Amino acid sequence: MPDDHSFAADLATSAGQVLLNTRSEVVASGTAGGKALAKMGDATAQEHIAARLAAERPDDAVLSEEAADDPVRLSRERVWIIDPLDGTREYSEDRHDWAVHVALWECGALTAGAVALPGLNATLSTAGPFSGLGAPAEPVRLAVSRSRASDLVLTVAERIGAELVPMGSAGYKVSAVVRGEVDAYIHSGGQYEWDSAAPVAVAAAAGLHTSRIDGSSLEYNRKDPYLPDLLVCGPRLADKLLRVLASI
Ligand SMILES: Nc1ncnc2c1ncn2[C@@H]1O[C@H](COP(=O)(O)O)[C@@H](OP(=O)(O)O)[C@H]1O
Ligand SMILES: [Mg+2]
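Since we're looking at a predicted model, the values are computed, not measured.

### Quick word on the confidence of the model for the protein
- Scored by pLDDT, the protein has a mean of 96; 100% of the residues are at 70 or more.
- Listed scores for the predicted complex are pTM 0.98 and ipTM 0.98.

Written out as C-alpha cells, the structure is:
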C-alpha cells in the first residue's frame, strides 16, 4: 500500500486527468458549456475520488465539498478532506487556474496532502520536493481572487504597496506562493475547510507560514467546516502582514 503522501498525490493527479478528459469531451461534443460543464466536472471528479478512497482507504472517513456531510468523521482519527474541483468557475471557462485538493487529517492535524494543478501539468504534495524559500519581491506580490477580492485584502495591498495578482481557485493561489510566483495569499470573507486543507498541508510542508488572518492556527475536521479566512506567505513576511491585518 503506498504511503499517504504518495496516495494523496496520485489521487489528486488522477482526478485532475478525469477533469481534463471530461472538459475535452464536453467541449468537443459542443453539448454543454459554462455552468453545465462546471456541474459535470464537480460530479465526475467527486465520483472518481470517492471510489478510490472507498477501495484504497476503506477504513477512513471523508469530508468532501461534493458529498453529504457524514458526522461519523467527528469521531474518527483519520479523515480525508477533499475539494474535487476548486476553481470550478475557471475550469468551466477553459482557464488553467483550478485545482484538485486531497488532504489527510489525523488526530487533530493535517498530516498529508496534495494539490493537483492540471492546467500546469503539475501536482504539489507534502512529499515535496520543494525549492528553497526566497526573499519576497519588492513590491510584494499578493494573490487575490479574480472574482471576489475582499475589501480587507485590498486595504492590506494598499497599505503595503503590494502588486495584486488576480487568479482563480484557493489551491491555485496557495500553490502560486509555494511555487514562488507570488509572495502571499490573504483571503477573508468566506471559505470552507476543503478550500484550504490540502493547500495548507502542502504549504506548511514547504516551510511557509499558514494561519488564520488573526494569526491563530487553522483547525480542520470541525463540526462546522466554515473556515472563512487564511494567510499563506513566506516566514519573512508573516509578522509584517499579521501586523497590518491587525491594524485594519
Ligand atoms: N466568500 C466566499 N464564501 C464561500 N466560499 C468562497 C468565498 N470566496 C471564495 N470561496 C471559495 O474558495 C474557492 C476559491 O475562490 P476564488 O477563486 O474566488 O478565490 C472557491 O471554491 P470552489 O471553486 O471549490 O467553489 C470558492 O467557492
Ligand atoms: Mg473550493
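Having seen it, we continue.
### Remarks on the pairing of strand β4 (residues 109-117)
- For β4, a buried count of seven out of nine residues is recorded, marking the element as mostly surrounded by other parts of the structure.
- Pairing geometry for strand β3 (residues 99-106) and β4, over seven bridges, is antiparallel. Each residue of the ladder has a partner; that of Ala-103, found in β4, is Gly-113.
- Between β3 and β4, which pair antiparallel in sequence order, lie two residues; one of them, Cys-107, sits at a positive phi of approximately 45°.

### Topic: the domain arrangement of the protein
- Domain annotation of the protein identifies domain 1 (4-125) and domain 2 (141-247).
- Centre-to-centre, using C-alpha coordinates, domain 1 lies 21 Å away from domain 2.
- The interface is formed by 29 residues belonging to domain 1 together with 23 residues belonging to domain 2.
- Mapped onto the side of domain 1 that touches domain 2, the elements with two or more residues apiece are β1 (61-64), β2 (78-86), α3 (88-92), β3, β4 and β5 (122-125).
- With six residues, the single largest contributor to the side of domain 1 that touches domain 2 is β4.
- The residue makeup of the side of domain 1 that touches domain 2, split by class, is 16 nonpolar, five polar and eight charged.

### Points about the site of ligand 1
- Taken together, 15 residues sit near ligand 1, with Asp-86, Thr-88, Ser-145, Gly-168 and Gly-190 positioned nearest.
- Residue composition of the shell around ligand 1, by class: one nonpolar, nine polar and five charged.
- Three or more residues apiece are contributed to the shell around ligand 1 by two domains, here domain 1 (4-125) and domain 2 (141-247).

### A few points about the packing of helix α5 (residues 170-178) against helix α6 (residues 193-205)
- Close contact between α5 and α6 brings their axes to 9 Å; oriented N to C, the two are set at 10°. Taken together, the axes of α5 and α6 are roughly parallel relative to one another. Here Ala-170, Gly-171, Val-174, Ser-175, Val-177 and Val-178 of α5 come into contact with α6, specifically with Asp-195, Ser-196, Ala-198, Pro-199, Val-200, Val-202 and Ala-203.
- Split into classes, the residues belonging to the contact of α5 with α6 amount to nine nonpolar, three polar and one charged.

### Details of the sheet that holds strand β8 (residues 184-187)
- On the basis of which strands lie adjacent, the open sheet formed by five strands has the order β7-β6-β8-β10-β9 and mixed pairing. Either end of the sheet is taken by a strand with one partner, and the two such strands are β7 (163-167) and β9 (209-211). Neighbour-to-neighbour, the strand axes of the sheet open up by a mean angle of 20°, direction not taken into account.
- Sheet topology note: the strand β6 (residues 141-145)/β8 ladder contains two bridges and is parallel. The residue of β8 that forms the bridge with Ala-143 is Tyr-185.
- Contacts between α5 and the sheet are confined to β6, β7, β8 and β10 (230-233), with β8 contributing the most and set at about 150° to the helix.
- Of the strands in this sheet, β8, β9 and β10 are in contact with helix α7 (residues 235-247), which crosses β10 at around 140°.

### Focus on the environment of Gly-171
- You can see Gly-171 is positioned in helix α5.
- Spatially, the C-alpha atom of Gly-171 lies 8.9 Å from that of Asp-97, the residues being 74 residues apart in sequence.
- Sequence-distant contacts of Gly-171, that is, excluding residues within four places in its chain, are made with Asp-86, Ala-99, His-101, Val-115, Ala-198 and Pro-199.

### Side note on the environment of Gly-168
- In this fold, Gly-168 is placed in the loop between β7 and α5.
- Gly-168 sits 70 residues away from Trp-98 along the chain, and the two C-alpha atoms are 6.5 Å apart.
- The residues contacting Gly-168, other than those within four sequence positions of it, are Gly-87, Arg-89, Glu-90, Arg-95, Asp-97, Trp-98 and Arg-146.

### Observations concerning the packing of helix α4 (residues 151-160) against α7
- Relative orientation of the contacting elements α4 and α7 amounts to 120°, with a least axis distance of 10 Å. Considering their axes alone, α4 and α7 lie oblique with respect to each other. The hand of the α4/α7 crossing is right-handed. The residues of α7 that touch α4, namely those facing Val-156, Arg-159 and Ile-160, are Leu-241, Val-244 and Leu-245.

Conventions adopted
- Residues numbered from 1 in each chain as written.
- Chains lettered and ligands numbered in written order.
- Predicted model: local features only at pLDDT ≥ 70, side-chain atom pairs only at ≥ 80, totals over all residues.
- pLDDT = per-residue confidence, 0-100.
- Buried ≥ 20, exposed ≤ 12 C-beta atoms within 10 Å, placed from the backbone.
- Helix = DSSP H or I, 4+ residues; strand = E, 2+ residues; numbered from the N terminus.
- Pairing = 2+ DSSP bridges.
- Domains from an automatic or database assignment.
- Contact = placed C-beta atoms within 7 Å.
- Nonpolar A, V, L, I, M, F, W, Y, C, P; charged D, E, K, R; others polar.
- Near = placed C-beta within 6 Å.
- Axes fitted to C-alpha atoms, helices over the stretch in contact; angles between N-to-C directions.
- Parallel < 35°, antiparallel > 145°, perpendicular 65-115°, else oblique.
- Left-handed = near helix turned anticlockwise from the far one by under 90°.

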